[in-house]
Amino acid sequence: MLTLGISTSFSNYAIIIAKAGDVLFNSNDLHFEEKKNITEWFEVALEESKISVKDISKIIVDIGPGGTTSVRTGVAFANSLAYSLGIAVCPVSSIELLSMTSWAQQKTTVLSLIKFMKNDYFIGFYDGKNDIRILYGELADVLPDLLKDEKSLIITGKFQQKVADLFPEIEIINLGIMKGDTELLIKNEDLFSKRALKFPEIAFPISEQNYANNQVHF
Amino acid sequence: MSDLILGIETSCDDTAIALVSENGDVISSVISSQIEIHNEYGGVYPEFAAREHIQTIIPTVKAAFDQAKISPKDIKGIGVTRGPGLVGSLLVGINTAIGLGHGWNKPVIGVNHLRGHLRSADLEEQRVKFPAMVLLVSGGHTFLAQMKNPMEVQVLSSTRDDSVGECFDKVGRMLGLDYPGGPKIDKLAHKGKPTIPFPRPMMDKGLEFSFSGLKAAVSRLLAATDAHEDADVAASFVQAIVEVLIKKSERALKKHPSKSFVIVGGVAANSQIRAAAQKLSDKMGVELCLPPIKWATDNGAMIALATWDYFKAGIIKPPKVQLNLTMSEF
Ligand SMILES: [Zn+2]
């Protein structure tokens, strides 16, 4: 009974294999001269950890937002592996990974920003008490309502200044978090497992389109 | 039992999956088309094509197995288009194939889309006699090649600019027709007369094609005057295309004697091309092989049949995207 974690939103693609919460393999612990794609990492994982594909009983996959091509690659692989093994796939947003990475370091409200198209951002708001809220749009349109009660905030990603310009009264804390900790896919397995999708349900990469149509479950 | 190959084709805007036996019997073939999505843009919009593939590919795989009433454990392997094509679309097919291969413990090999087209004329029944002259005319490609056998192919010419299919789509758009323009122009052309003397680019020498001059001539005419019926424009345009294709094919057949003349690719559906090809074949004493339209356009079965060739020849290409794969590669 193994869990496979797949993440392709951040520059370090991750393949993680875990057994009952213990990480047996994490591709980020290895370094190769050549950049590997996600399925090549999976093959390294099989070889290094000497596991059998048949023992994988659950897949947790990062569905972005991130590089559209890389996320699509990871999600297509996760869906087909889950389908062919007859197991479930659990989608997790990269925004949620970023926010949880920040929360694990400091228990302060987190705003995670990922730029998607033109001036539009995926915006995650996480206060540790409620489920993460994920919104989409221009910062000036989305943030005023979201931040109306905030005095200080951690912002992940590289757009601190944009928020500071819009809200000079809010104290902005920069922990320098640019990537999500992909082992959180495993550390928060119980939470993510509640979203398990089994064919005919499949995971989709997040886009402005399926966000607007309410088709992604975060 | 392990005598079927699963073919996966996602190089452009169709998600196409098929199960095919060694001698080309198509046990099942399912195609999920995106025409309605791309119609709005007058052509294929790559980002939306890739998004659509990811939604439809697993259900399409399932449908192919359901239709064939077999289990994945009964297949020999999986063949997937690795190029040429749109990167986002190819990546969905390839990564899906790799995942299925791991889950079912089956080999996965990458296949050249063009080699799939070349083999499409032998689906369901063996039609092609070698050596064969093949004219591939599709939205992405236009070339003449001679096949000595299923694996040995000599490319004789290609297009210097647009493919025939592109030319049809663009002229279709100029005439206000929906994407894809080919079938609609064909229909419209039947109602008109070929009264306009459009140029026949590079008609008099060599085997190379060029269609941008013809496309530009249509555009200039439509901008300059409303004096012509659209049907006559379509008829004249189609006549110019057909004359060029047939003339070049005739020249190729004279230079490279062949037993069959094969036309594949979406444009092979054009009724005037089919009629003119029959005339040429009769004149040259070769057998004309026109696969049914469903095999002439992109499909998974042609990829599966080409995969059989690869397996038999021991050419095991890893499933990795190669965008500009040429005919001479595998
Ligand atoms: Zn094609």
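Residues numbered from 1 in each chain as written. Chains lettered and ligands numbered in written order. Predicted model: local features only at pLDDT ≥ 70, side-chain atom pairs only at ≥ 80, totals over all residues. Heavy atoms only, no water.

Chemist: Tell me what's going on with the overall build of chain A, and back it up with residues and numbers.
Modeler: Looking only at helices and strands, chain A features eight helices and 10 strands. Relative to the 2.2 N^0.38 estimate, which gives 17 Å for 218 residues, the radius of gyration of chain A is 17 Å and therefore close to what a compact globule would have. The buried share among the 218 residues of chain A stands at 57%. Sequence-distant contacts, at least 24 apart, represent 59% of the contacts inside chain A between residues at least 6 apart. As displayed, chain A offers around 10000 Å² of accessible surface, 47% of which is attributable to carbon and sulfur atoms. Between the centroid of the 21 positive side chains of chain A and the centroid of its 28 negative side chains there is a distance of 2 Å. (Helix = DSSP H or I, 4+ residues; strand = E, 2+ residues; numbered from the N terminus. Rg over C-alpha atoms; globule rule 2.2 N^0.38 Å. Buried < 20%, exposed > 50% of the residue type's maximum accessible area, 1.4 Å probe, protein only. Contact = heavy atoms within 4.5 Å. Areas by Shrake-Rupley, 256 points an atom, 1.4 Å probe, with all protein chains shown as cover. Lys, Arg positive; Asp, Glu negative; His and termini not counted. Charge placed at Lys NZ, Arg CZ, Asp CG, Glu CD.)

Chemist: An account of the pattern of salt bridges is needed here, citing residue identities and associated values.
Modeler: As enumerated under the stated definition, the model contains 22 salt bridges over all chains in all. Between Glu189(A) and Lys58(A) there is a salt bridge, with its nearest N and O atoms 3.0 Å apart. Taken as a pair, Glu189(A) in helix H7 (residues 189-193) and Lys58(A) in strand S4 (residues 56-62) lie far apart in primary sequence, 131 residues in all. Between Lys294(B) and Glu124(B) there is a salt bridge whose closest N-O contact spans 4.0 Å. (Salt bridge = Lys/Arg side-chain N within 4 Å of Asp/Glu carboxyl O.)

Chemist: Please set out the interface of chain A and chain B residue by residue, giving values where relevant.
Modeler: Accessible area lost upon the coming together of the parts is a frequently used measure of interface size. If you look at the interface, chain A gives 29 residues, while chain B gives 22 residues. Carbon and sulfur atoms make up 64% of the area that chain A and chain B hide from each other, which totals about 2200 Å². There are three salt bridges connecting chain A and chain B. Two residues, Arg72(A) and Glu47(B), come together in a salt bridge whose shortest N-O distance is 2.7 Å. Counting the contacts that link chain A with chain B gives nine residue pairs in polar contact (both at pLDDT 80 or more). Elements that contribute at least two residues to the side of chain A that touches chain B include exactly helix H1 (38-49), helix H2 (68-85) and helix H8 (208-212) of chain A. It is H2(A) that contributes the most residues to the side of chain A that touches chain B, 13 residues altogether. Looking at the side of chain A that touches chain B residue by residue, the class counts come to 14 nonpolar, 10 polar and five charged. (Buried area = accessible area lost by both parts, 1.4 Å probe. Polar contact = N/O pair within 3.5 Å; in protein donor to acceptor, adjacent residues only side chain to side chain. Nonpolar A, V, L, I, M, F, W, Y, C, P; charged D, E, K, R; others polar.)

Chemist: Give me the lowdown on the nonpolar core, citing residues and values where you can.
Modeler: In this structure, Ile59(A) and Leu6(B) are the most contacted members of the largest nonpolar core, which totals 80 residues. Those residues in contact with Leu6(B), other than ones at most four positions away along the chain, are Ile17(B), Ala18(B), Leu19(B), Phe65(B), Ile75(B), Gly77(B), Ile78(B), Gly79(B), Leu100(B), Trp104(B) and Ala304(B). If you look at the next biggest cluster of nonpolar residues, it comprises 48 residues, including Cys167(B), Phe168(B), Ala234(B) and Leu245(B). (Core = buried A, V, L, I, M, F, W, Y, C linked by side-chain atoms within 4.5 Å.)

Chemist: Could you give an account of the sheet that holds strand S8 (residues 153-158) of chain B, with specific residues and numbers?
Modeler: All names here are of chain B. An order of S8-S7-S6-S9-S10 is seen for the five strands of this open sheet, with the pairing classed as mixed. Since the sheet does not close on itself, it has two edges, and those belong to S8 and strand S10 (287-289), each with one partner. Strand after strand, the sheet turns through a mean of 20 degrees between neighbouring axes, direction not considered. Sheet topology note: the strand S6 (residues 132-137)/strand S7 (residues 142-147) ladder contains six bridges and is antiparallel. Bridge pairing in S7 places Met133 opposite Gln146. (Pairing = 2+ DSSP bridges. Axes fitted to C-alpha atoms, helices over the stretch in contact; angles between N-to-C directions.)

Chemist: Quick one: what's the story with the domain arrangement of chain A, residue by residue and with numbers?
Modeler: All names here are of chain A. Assigned domains of chain A: these are domain 1 (2-93 + 181-212) and domain 2 (95-173). Here domain 1 and domain 2 have C-alpha centroids that lie 25 Å from each other. Listed as interface residues are 19 residues of domain 1 and, on the opposing side, 13 residues of domain 2. Summing both sides of the interface, domain 1 and domain 2 together bury roughly 1400 Å²; the carbon and sulfur share of this comes to 73%. (Domains from an automatic or database assignment.)

Chemist: Could you give me a rundown of unusual backbone geometry, with the residues and numbers involved?
Modeler: All names here are of chain B. For the bond running from Gly83 to Pro84, omega is -10 degrees, close enough to zero to count as cis. Residue position: Pro84 is located in the loop between strand S4 (75-83) and helix H3 (87-104). The omega angle of the peptide bond from Phe130 to Pro131 is -5 degrees, so this bond is cis rather than trans. Here Pro131 shows up in the loop between helix H4 (113-119) and S6. Positive phi, close to 55 degrees, is recorded for Asn105, a residue that is not glycine.

Chemist: Lay out H3(B) with the relevant residues and their values.
Modeler: Residues and elements named next belong to chain B. Between its first and last C-alpha atoms H3 spans 26 Å; for 18 residues at 1.5 Å apiece the expected length is 26 Å, and the two agree. The element H3 is largely enclosed, with a buried count of 17 among its 18 residues. Looking at the residues trailing H3, positive phi occurs at Asn105, about 55 degrees. (Expected span 1.5 Å × (residues − 1).)

Chemist: Talk me through the confidence of the model for chain B; I want residue IDs and the actual numbers.
Modeler: The pLDDT averaged across chain B works out to 94; a share of 98% of its residues lies at or above 70. Predicted complex, confidence summary: ipTM 0.95, pTM 0.94. (pLDDT = per-residue confidence, 0-100.)

Chemist: Which residues make up the coordination of the zinc ion, and what are the values?
Modeler: All names here are of chain B. Summarising the metal site, the zinc ion is bound by the protein donors His113 (NE2), His117 (NE2) and Asp298 (OD), whose distances to it range over 2.1 to 2.2 Å. Ordering the donors of the zinc ion by residue number gives the pattern H-x3-H-x180-D. Of this pair, His113 sits in helix H4 while Asp298 sits in the loop between helix H10 (293-296) and helix H11 (300-313), and the two are 185 residues apart along the sequence. Like Asp298, His113 is buried. (Donors = N, O, S within 2.8 Å, 3.2 Å for Na, K, Ca; no water.)

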